[in-house]
Amino acid sequence: MLELKRKPCNKPTTDAHPAKRPKANADTPKTSAHPPKTSSRQNLTGDGCCKFGRIDVIEVESDDEDDPADPPITRANTMLMCQLLERAAKDYGDVEEPNLSIPFKTFDFSKWPPSLTDTQLETLTYHATTYALSHGLTYLPLAPTQPPSPTSAIHAPISLLPIPRSLFEKAQGLQSVYNTLYARVATNNEFLDQEMGAELGVGKADEFVRTLWKGWKEIREEGIIQPLHLGIFRSDYLLHTGGKGGTLGVKQVEFNTISSSFGPLSERAAAMHRYLHELTDYYSISPDLKPENFPSNNTTSGLAEGLSEAHKAYGVQGAYILFVVQPNERNVFDQRWLEYELLEKHSIRVVRQTFVELSSSATLDPQTRVIHLIIPSAGPDSPSMPIEISTVYFRAGYVPTDFPTEEHFKTRFTLERSRAIKCPTIPSNSQRKKVQEVLSQPSIVEKFFTSPSGVDTSNDAADLRETWMPAWHDARAHSLVLKPQREGGGNNVYKDDIPAFLDTLAPEERQAWIAMELIVPPAGVGGYLVRAGGANGGGDAGAVRAETVSELGVFGWALFGKEGIVKERGEGVGWLMRTKGVESNEGDVAAGFSVLDLVVLVDG
């Protein structure tokens, strides 16, 4: 039989025997047949026992040293002992309260990455780039216009070594809460009219937002024919060192509601790192680089699942999903992997078209609001065939340059009027930086977590608030970032550049910008960044070691309407890790600021 005792101790002790964990029959009375007790001690301070930082020694007493049912102590068994002690404290009051202010072992980010020899670095670079090219972790090369059929590709920018990340599970666990929040915001017309509308909101100062919102309001007045929305979301985070007492936390950079990209390529970047570990063991340069620290990433199937659920909800067999894409798209393979998944796993066909192509191919039935596309037939003598669209997935339409003419906006509104399920709808797409700012104000987000029956779910709101930095409508400070109502990277104004920039704006134009306190990530973190070089790649070839900062994106999706969530998935959909040099303020991979990376889970 085993007994746990709390024994304060001033100095470490050594083990006479392996410690044992309690057995299921721990309460069995002793008999004279049992051998005499022997004692073993194990120092369980530090990261061995997270709750009872003031317990220096746990003494384990055993009456049977050779019982195979008592396995040697492990980290898991240590945690079990902690739980038993905590339960004893509650039941009997004979254990001191834990001192939670004593931190256990933390990861030293400034010592990352481990060093590699030139030969090791060259070998890893070779295997990483050839793997990327062989497994579709690719881009189209830079060109003024992309050919109809690609003739070459380059590997996507990657990080040669993974960057450690903690608080990963917290960010994953919040995604369903974020899905719910932004679904509720998207269906609250009164709130969005107030904050984003053309008469009262950001639309007064931002022409792009104003045009979209006027079109949406007109469609609402005509009558919404499709009540369902599909949101494919991505919540982006940075590690933040400015918590209370210097604690490390995770803070949200932004919440993406349209064209949330790089999921499939991120999945392949993670697979590349697992391959490199299997091939080389990363030359045993770090104990953190082991398979159990590489979280799974199945973003391709996770995102395709959301699109397939919208397709099923539409309910017409043989209909297609439409991908609305930008002309001369370089990030085509990230999109193609979703197409292949939809066809191979869900038997759903995809058609890709730009706004220009849709202006001539799309027709809207005035009675049923079914949208058809006329696509070229397979044979020269066959007539063109119309196809019905079940779901419209926008990988374009989030920046003003996607709408150079009124005809482009007209096409966007035609799609919005249709019976097809949109991903996203205009109101969902309109949840931009201003909404992020307003939700952070006192008592605002809590309103979205009170159910119609009056049940308070404000704990969800409190959990979200923990991930937010303060945001304001207008401010001047060197510790801020100024954000417009735009997506896609390259739009923000930082720190000391803010005052001069604000001086160029008319007072009414400032309403379209928000100021947010800068997140402060751990300093001194490094990485090996690999970009395709030469004229096509637009950068230096090979691996370059640099001080870096990494941004974690967590994917989720929700199918919803005014009546609430129909179906959603948060945790487990997938994730994206982007790493950039600290000198870069932006984080977009497609814009050339960042590279794709892997999450490595570390303690601390």
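Basis of the calculations
- Residues numbered from 1 in each chain as written.
- Predicted model: local features only at pLDDT ≥ 70, side-chain atom pairs only at ≥ 80, totals over all residues.
- Heavy atoms only, no water.
- Helix = DSSP H or I, 4+ residues; strand = E, 2+ residues; numbered from the N terminus.
- Buried < 20%, exposed > 50% of the residue type's maximum accessible area, 1.4 Å probe, protein only.
- Areas by Shrake-Rupley, 256 points an atom, 1.4 Å probe, with all protein chains shown as cover.
- Core = buried A, V, L, I, M, F, W, Y, C linked by side-chain atoms within 4.5 Å.
- Contact = heavy atoms within 4.5 Å.
- Expected span 1.5 Å × (residues − 1).
- Salt bridge = Lys/Arg side-chain N within 4 Å of Asp/Glu carboxyl O.
- pLDDT = per-residue confidence, 0-100.

### Section: the overall build of the chain
- Check the secondary structure of the chain and you find 16 helices and 25 strands.
- Counting only residues that meet the buried cut, the chain has 52% of its 604 residues in that class.
- Element-wise, carbon and sulfur atoms account for 51% of the exposed surface of the chain, whose accessible area totals about 27,500 Å².

### Digging into the nonpolar core
- In this structure, Leu181, Ile389 and Leu439 are the most contacted members of the largest nonpolar core, which totals 131 residues.
- The element contributing the most residues to this core is helix 3 (residues 168-186), with 10 residues.
- In contact with isoleucine 389, not counting residues within four places along its chain, are Tyr314, Tyr320, Leu322, Val351, Ile371, Leu373 and Ala420.
- Counting 11 residues, the second largest nonpolar core, distinct from the first, contains Val481, Tyr494, Met516 and Val549.

### Considerations on helix 2 (residues 118-134)
- Compared with the 24 Å implied by 1.5 Å per residue over 17 residues, the 24 Å span of helix 2 between its first and last C-alpha is a close match.
- Residues Gln120, Leu121, Leu124, Thr125, His127, Ala128, Thr129, Tyr131 and Ala132 constitute the buried set of helix 2.
- In this structure, the buried residues of helix 2 make contact with strand 4 (138-139), strand 5 (154-155), strand 6 (158-159), helix 6 (263-280), strand 20 (526-530) and strand 21 (543-561).
- At the C-terminal side of helix 2, glycine 136 shows a positive phi close to 75°.

### A short note on the environment of isoleucine 374
- Positionally, isoleucine 374 belongs in strand 13 (residues 371-375).
- Along the primary structure isoleucine 374 and alanine 362 are separated by 12 residues, whereas in three dimensions their C-alpha atoms are 6.7 Å apart.
- With near-sequence residues (within four places) excluded, isoleucine 374 lies in contact with Ser361, Ser384, Met385 and Pro386.

### A short note on the pattern of salt bridges
- According to the stated counting rule, one finds 18 salt bridges in the structure shown.
- Notably, a salt bridge pairs glutamate 222 with arginine 417, separated by 2.9 Å at the nearest N-O pair. Of this pair, glutamate 222 sits in helix 5 (residues 207-222) while arginine 417 sits in helix 10 (residues 406-417), and the two are 195 residues apart along the sequence.
- Judged by relative accessible area, arginine 417 falls into the buried class, the value being 18%.
- Glutamate 305 is the salt-bridge partner of arginine 569, the closest N and O atoms lying 2.8 Å from each other.

### Overview of the confidence of the model for the chain
- Of all residues in the chain, 73% have pLDDT values of 70 or greater, and the mean over the chain is 78.
- Every residue in residues 1-81 is under pLDDT 50, and counting partners more than four places away or in other chains gives 139 contacts.
- For the stretch residues 587-592, pLDDT sits under 50, and the model shows 19 contacts to residues farther than four places along the chain or on other chains.

### Here's the deal with unusual backbone geometry
- In this structure, proline 113 follows tryptophan 112 across a cis peptide bond, with omega equal to 5°.
- As for its position among the elements, proline 113 is in the loop between helix 1 (75-92) and helix 2.
- A cis amide bond links cysteine 423 to the next residue, proline 424, at an omega of 0°.
- Mapped onto the secondary structure, proline 424 falls in the loop between strand 15 (421-423) and helix 11 (426-429).
- You will see that phenylalanine 262, though not glycine, has its phi angle at about 70°, which is positive.
- Inspection of the secondary structure assignment puts phenylalanine 262 in the loop between strand 9 (249-256) and helix 6.
- Positive phi outside glycine occurs at aspartate 281, with the angle close to 55°.
- Within the element layout of this structure, aspartate 281 appears in the loop between helix 6 and helix 7 (299-314).
- Residue class for aspartate 281 comes out partly exposed when judged on its relative accessible area of 35%.

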